[in-house]
Amino acid sequence: MPSLYTIQSVSRRRRPVPLPIRDGLNPSRVRVPAAPGNASVTALELLVAAVEGQTHRHPDDGAAAIDARFAAGLVVDAAGRPLAPDARLKPGADVWFYRRPAPEPAIAGAMPILHRDENIVVVDKPPFLATTPRGRHITETAVVHLRRELRDGDLIPAHRLDRLTAGVLVFVARPEARGAYQNLFAEPGAVVKRYEALTRPPQPSDLPGPPFTLATRQEKIRGILQARTIPGEPNARTIVEGIDRIVPDDAHLPAEAALWKLTPLTGRTHQLRLHLHELGFPILGDPLYPDVLPADAEDPAHPMHLLCRELAFDDPVTGARRVFRSRRSVLEPAADGTTDTPPPHQT
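Note that the coordinates shown come from a computational prediction; the quantities given were computed from them, not determined experimentally.

How each quantity is defined
- Residues numbered from 1 in each chain as written.
- Predicted model: local features only at pLDDT ≥ 70, side-chain atom pairs only at ≥ 80, totals over all residues.
- Heavy atoms only, no water.
- UniProt positions renumbered as here; feature names shortened; annotations may be inferred.
- Helix = DSSP H or I, 4+ residues; strand = E, 2+ residues; numbered from the N terminus.
- Salt bridge = Lys/Arg side-chain N within 4 Å of Asp/Glu carboxyl O.
- Buried < 20%, exposed > 50% of the residue type's maximum accessible area, 1.4 Å probe, protein only.
- Arc of directions from axis to C-beta.
- Patch = residues over 30% accessible without salt bridge, like charges linked within 9 Å, V, L, I, M, F, W, Y side chains within 5 Å.
- Areas by Shrake-Rupley, 256 points an atom, 1.4 Å probe, with all protein chains shown as cover.
- Lys, Arg positive; Asp, Glu negative; His and termini not counted.
- Charge placed at Lys NZ, Arg CZ, Asp CG, Glu CD.
- Core = buried A, V, L, I, M, F, W, Y, C linked by side-chain atoms within 4.5 Å.
- Contact = heavy atoms within 4.5 Å.

Asker: Can you lay out the UniProt feature "domain: Pseudouridine synthase RsuA/RluA-like" (unreviewed entry) in the protein for me, pointing to particular residues and giving the numbers?
Answerer: Within this structure's numbering, the places UniProt gives as "domain: Pseudouridine synthase RsuA/RluA-like" (unreviewed entry) are residues 119-277. The span residues 119-277 is 16% helix and 34% strand, and its two end C-alpha atoms sit 37 Å from each other.

Asker: So what about unusual backbone geometry? Which residues, and what values?
Answerer: Following proline 210, the chain continues to proline 211 via a peptide bond in cis, the omega torsion being 0 degrees. Along the chain, the position of proline 211 falls in the loop between strand 11 (192-199) and strand 12 (212-219). Cis geometry is found at the peptide bond from tyrosine 289 to proline 290, where omega equals 5 degrees. Mapped onto the elements, proline 290 comes out in the loop between helix 5 (271-279) and strand 16 (306-314). Of note, histidine 270 is a non-glycine position whose phi angle comes to about 65 degrees, a positive value. Of note, histidine 270 is situated in the loop between strand 15 (257-264) and helix 5.

Asker: Could you give me a rundown of the pattern of salt bridges, with the residues and numbers involved?
Answerer: Inspection of every chain in the model, using the stated rule, returns 19 salt bridges. For glutamate 310, the salt bridge goes to arginine 325, with nearest N and O atoms at 2.9 Å. Note that glutamate 310 is positioned in strand 16 and arginine 325 in strand 17 (residues 321-325), a separation of 15 residues in sequence. Residue aspartate 315 pairs with arginine 322 through a salt bridge whose shortest N-O separation is 2.9 Å.

Asker: Any chance you could break down the environment of isoleucine 221 for me, citing the residues and the numbers?
Answerer: In this fold, isoleucine 221 is placed in the loop between strand 12 and strand 13 (228-230). Residue class for isoleucine 221 comes out partly exposed when judged on its relative accessible area of 36%. Along the chain, isoleucine 221 and threonine 269 lie 48 residues apart, while their C-alpha atoms are 10.0 Å from each other.

Asker: Talk me through helix 2 (residues 63-71); I want residue IDs and the actual numbers.
Answerer: Each turn of an α-helix holds 3.6 residues, which means side chains three or four residues apart point in the same direction. Of the positions making up helix 2, those classed as buried are Ala65, Ile66, Arg69 and Phe70. Looking straight down helix 2, one finds its buried side chains confined to an arc of 145 degrees; they lie on one side. Facing away from the buried surface of helix 2 by more than 90 degrees, the exposed residues are Ala63, Ala64 and Ala71. Backbone geometry just after helix 2 places glycine 73 at a positive phi near 70 degrees.

Asker: I'd like a description of a positive patch on the surface, backed by residues and values.
Answerer: Taken together, the side chains of Arg134, Arg160, Lys220 and Arg222 present a region of like positive charge at the surface. If you trace the backbone, arginine 134 turns up in the loop between strand 8 (120-125) and helix 3 (142-150).

Asker: Now, about the nonpolar core: what can you tell me, with residues and values included?
Answerer: Generally speaking, soluble globular proteins have nonpolar side chains that are buried together. Counting 52 residues, the largest nonpolar core has Leu146, Phe171, Phe185, Trp260 and Leu262 as its most contacted members. Discounting chain neighbours no more than four positions away, the residues touching leucine 146 are Met111, Ile113, Val121, Val123, Arg151, Leu155 and Phe171. Core analysis: the second largest hydrophobic core is formed by 16 residues, Val32, Val51, Val75 and Ala87 among them.

Pasting the structure below:
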């Protein structure tokens, strides 16, 4: 029974949601499968199966916690009407409730706000913080942290950064403005994105002199951690604007490194990580390229050295030119930029 009932979090911009965001988290939906011959089930049976079927479940989310949801009227149908535990549900019926995620280690650092107005909030995201809830990362996400800090459940991201990537991340504050900003970030070339990355230093004969463009066809299959390059028309393009040889003053970094300045023209998952890996220069601290490391090998003292340094765009609501820059250093991306990091020595 548990395998039939899958909890899903659904964005409020896609369809009406009968429960509000609470403590920074969207409500979750579970649907009675419309399988042939499937008999009706009670709301209690459905919720028990859904909760027990979670991969990342809070250890205290048992029978008493489920009963408390019903008693508080926090198990509702698609119209927002509270359901009794013995209410019978037909195949295809939706039930909404609040999931209780498993405890998560808080390893990400501070997330300073770079800009805030009535339409957007721009933050300097640390590494180890996912943009939105997914998999085992539910509460340790940028959107949940920001909603809780600002006490604003309407905030949603206009785009995404990988969990291990640090830097500039834009949230939309007003529901009425969501479409304008999300469409802007979905439009190729509308937002100029500048990244920095650290790798081992290349030899002068390894690569052409910048600027040059990397163009490949990349594919990311759900459930497989690494993206890959496949034959076909390129769908991932990155301009390498510069490669500087540096001498980091950091015991965790090699004696020499290369600072890459990158401008992605497309936004494929892991695009920059895969492009540099396939050139022979994987990003320092990357746990997926070239080799997939176990999850328990993750060390907050050794973040991936990839930083979204700058985002620039014409504001779709005000028309003003917007330029937002991260205060972090790609040498130490986990530091929030409130204290100065000595610049590396370039050679």
